[in-house]
Number of protein chains: 2
Amino acid sequence: MFKALADEGRRRLLDALRERNGQTLLELCELLPELTRQGVTKHLRLLEDANLVVTVKRGRHKLHYLNPVPINEIAERWLSNYERDKLRALSALKAALQEDR
Amino acid sequence: MFKALADEGRRRLLDALRERNGQTLLELCELLPELTRQGVTKHLRLLEDANLVVTVKRGRHKLHYLNPVPINEIAERWLSNYERDKLRALSALKAALQEDR
DNA sequence: TTGACAGGCAACCTTTTAGTTGCCTATGGT
DNA sequence: ACCATAGGCAACTAAAAGGTTGCCTGTCAA
């Protein structure tokens, strides 16, 4: 899932869906004009595999929806650990930097 | 920075530093016995480039410290956007899934 | 019912990333 | 002074990610 976020293009796609949910493939392609449709498809596939977007086929359109659940899960489960130890880590850092070298 | 987090080994390194800050390279190597020392060095280099760890040379030891600032910055700046729109995105998602297909 | 539109699939190429090996440098203990 | 310890650098290989092209399928609208 971090891997899915580790690409600027994919983050752009997520942002776009955050702004307007349920966009089609071609709509999202306009967002990344430097890529071909298939390129965008691949990125969306990764996001789907990471369960960050969910798709619905409607007629000949494929609509893409943001799935906000896992990104929040990660944020809470993983990042809050760092939040918790932030001050301790910071002071250790400062101490180390100020010691005699 | 997401790229730096997009690797299990590097996350393990960060976790280790969260548990005990200021470890040397060789100490961290024990954490990833499947890699050689140079392999670990490279990972630490990436973490350092992403400004997630800071190093201090002390004698012949190189101490690694967690830098908790950027990880929190990201969490707040980026992830909180998704938190903000969570409910809206969720309901759009549900609506889409329940529509006639 | 035919053609244009939206999208899928597979093969291929290129670039990045991950990892190793071999050798070199500096520091500290005895 | 010497050797073991801690680490750095560079070249190389292997694997994965990113992207393209070409062609195929399904759906809607005239």
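All values derive from a computational prediction rather than experimental measurement. (Residues numbered from 1 in each chain as written. Chains lettered and ligands numbered in written order. Predicted model: local features only at pLDDT ≥ 70, side-chain atom pairs only at ≥ 80, totals over all residues. Heavy atoms only, no water.)

Let's talk about the packing of aromatic side chains
Turning to step 1, where the next piece is worked out: Tallied over the entire structure, the rule returns four aromatic pairs over all chains.
Turning to step 2, where the next piece is worked out: Plain terms: the ring middles of Phe2 of chain A and Trp78 of chain A are 5.4 Å apart, the flat faces sit at 65° to each other, and that makes the pair edge-to-face. Separated by 76 residues along the polypeptide, Phe2 of chain A in helix α1 (residues 2-5) and Trp78 of chain A in helix α5 (residues 68-84) bring together distant segments of the chain. Neither Phe2 of chain A nor Trp78 of chain A differs from the other in exposure class; each is buried.
Turning to step 3, where the next piece is worked out: Aromatic side chains Trp78 of chain B and Tyr82 of chain B sit 5.0 Å apart centroid to centroid with 40° between the ring planes, which places their arrangement in the tilted category. Residue Trp78 of chain B and its partner Tyr82 of chain B are both found in helix α5 (residues 68-84); the two are separated by four residues, about one turn of the helix. Of the two residues examined, Trp78 of chain B and Tyr82 of chain B, each falls in the buried class.
Turning to step 4, where the next piece is worked out: Members of the aromatic cluster, joined through ring pairs, are Phe2, Trp78 and Tyr82 of chain A.
Turning to step 5, where the next piece is worked out: Directly above the aromatic system of Tyr82 of chain B lies the positively charged group of Arg18 of chain A, at a separation of 5.1 Å from the ring centroid. (Phe/Tyr/Trp six-rings, centres within 6.5 Å; stacked < 30°, edge-to-face > 60°. Helix = DSSP H or I, 4+ residues; strand = E, 2+ residues; numbered from the N terminus. Buried < 20%, exposed > 50% of the residue type's maximum accessible area, 1.4 Å probe, protein only. Lys NZ or Arg CZ within 6 Å of the ring centre and 35° of its normal.)

Here's the deal with the protein's contact with DNA strand D
Turning to step 1, where the next piece is worked out: Around DNA strand D, a shell composed of 21 residues is seen, among which Thr36, Lys42 and His43 of chain A together with Arg37 and Arg60 of chain B lie nearest.
Turning to step 2, where the next piece is worked out: A share of 59% of the atoms of DNA strand D within 4 Å of the protein falls on sugar and phosphate groups.
Turning to step 3, where the next piece is worked out: For DNA strand D, a base oxygen lies 2.9 Å from a polar atom in the side chain of Arg37 of chain B.
Turning to step 4, where the next piece is worked out: Only α4 (37-49) of chain A together with α3 (25-29), α4 (37-49) and β3 (61-66) of chain B provide two or more residues apiece to the surface near DNA strand D.
Turning to step 5, where the next piece is worked out: The biggest single contributor to the surface near DNA strand D is α4 of chain A, with five residues.
Turning to step 6, where the next piece is worked out: Partitioning the surface near DNA strand D into residue classes produces four nonpolar, eight polar and nine charged. (Near = heavy atom within 4 Å. Polar contact = N/O pair within 3.5 Å; in protein donor to acceptor, adjacent residues only side chain to side chain. Nonpolar A, V, L, I, M, F, W, Y, C, P; charged D, E, K, R; others polar.)

Section: the environment of Glu34 of chain A
Residues and elements named next belong to chain A.
Turning to step 1, where the next piece is worked out: Considering the arrangement of structural elements, one finds Glu34 in the loop between α3 (25-29) and α4.
Turning to step 2, where the next piece is worked out: In this structure Glu34 comes out as exposed when scored by relative accessible area, which is 53%.
Turning to step 3, where the next piece is worked out: Each C-alpha atom of the pair Glu34 and Glu8 lies 13 Å from the other, and the pair is 26 residues apart in sequence.

Function cannot be inferred from these measures alone, as they are strictly geometric.
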